[in-house]
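Each chain is listed here by its residues.
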Amino acid sequence: MSLHLVLPGLLWPSTSPLPPPRTPALSLLLGRGRRTSRAARAPEHLLAELFGLDERAPLGALRWAGTGEPADTRCWLAADATHLRFARDALMLTDRPDVAPDAQEAAALAASWNAHFANVGWLHLPSGGHGHLSLLEPLDVDTVPPGAALGRKIDASMPAGRDGAKLRQWMNETQMLFHAHPVNVAREEAGRPVINSLWFWGAGSLPVRADIPCMQLWADDPLAHGLAHAAGVRAAPLPDKTGVALQEGNLVLLQDALAPALYLDAVAWTQAVEALDRDWIAPALDALRRGDVQSVTVRLSGDEAAVAVTTERRDLWKFWRRPHPLTPGP
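Residues numbered from 1 in each chain as written. Predicted model: local features only at pLDDT ≥ 70, side-chain atom pairs only at ≥ 80, totals over all residues. Heavy atoms only, no water.

### With respect to the packing of aromatic side chains
Consideration 1: Applying the stated rule across the entire model yields 5 aromatic pairs.
Consideration 2: Centre to centre, the rings of Trp64 and Trp76 are 4.5 Å apart; their planes meet at 20°, and the pair counts as stacked. Here Trp64 is found in helix H3 (residues 59–66), whereas its partner Trp76 is found in strand E3 (residues 75–87), with 12 residues between them in sequence. The burial state of Trp64 is the same as that of Trp76; both residues are buried.
Consideration 3: A ring pair is formed by Trp113 and Phe200, whose centres lie 6.3 Å apart and whose planes are at 55°; its orientation type is tilted. You can see Trp113 sitting in helix H4 (residues 103–116) and its partner Phe200 sitting in strand E7 (residues 197–205), a full 87 residues away along the chain. This pair shows no difference in class: Trp113 is buried, exactly as Phe200 is.
Consideration 4: An aromatic cluster is present here, built from Trp113, Phe117 and Phe200 joined pairwise through their rings. (Phe/Tyr/Trp six-rings, centres within 6.5 Å; stacked < 30°, edge-to-face > 60°. Helix = DSSP H or I, 4+ residues; strand = E, 2+ residues; numbered from the N terminus. Buried < 20%, exposed > 50% of the residue type's maximum accessible area, 1.4 Å probe, protein only.)

### Examining H3
Consideration 1: The buried fraction of H3 is high, at 8 of 8 residues.
Consideration 2: The set of residues buried in H3 consists of Leu59, Gly60, Ala61, Leu62, Arg63, Trp64, Ala65 and Gly66.
Consideration 3: Structurally, H3 contributes buried residues whose contacts are with helix H2 (43–50), E3, strand E5 (121–124), strand E6 (130–135), E7 and helix H7 (222–231). (Contact = heavy atoms within 4.5 Å.)

Keep in mind these numbers describe shape, not what the thing actually does.
Pasting the structure below:
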């Protein structure tokens, strides 16, 4: 059973070339290991796939359960506070840190939303803005998760399917409701980006049966925790000491490079990737060299591809396989 490191956002798009970051440990694993590539998908869908689920899985309900709330059989949507802005004549979606509402702002926005949409369901919006909507009636809709929508033109990411028009209407009404909301008036006066939309995704209901060949998940992501719960796998936040997590049969989700990749922030992305190599991948490589683990699988993804590289301990002796720099694209 391999040690899995899941690293969304590590494949920078080839349309915006950068010098390869300094990743000696990752480059060695990429050069010595066995590599498989596949088409790009949203990071949330790739994560669900590791647990044996497809993109129709109830990711909103799973994320709600992953926050520690009791699971139930209602239909849920993830509902994330976002900022819509025009850039080059296109509408773009962002949830950068300065968009996130504090607890008071989130409560005020949720109260207005729930009063207006009382016949739809109940919005739970906490500090930070990663909310959930429990629906009174099931919804049959195809949605795009944030990992494939943030920092992108939203035209191709709008809800579709049988109830797609209904959800698009709710989003339009939400934008009108939030437009002159006192929370946003105060934010605008303070020079902060307004919260002018909610991004709905991951419709569906529990229970669902997930499965994954690992013994322990380490992640700071509630969706990952919800998936682990559905698979009957132990889950914990990322530890301060990486060695605790770098054990045979563990899956470690490391998302530090994802937001910079989505927003094409080259400096922040390079810094995040080099820190991940130093703090996580190099210790994993050391564990492989010592024989503490027998194989390490790194899973990288980006806009153009998803790549998995598995390196066994014996592969480290294949000196004729030169290190492979982390280059853009597949």
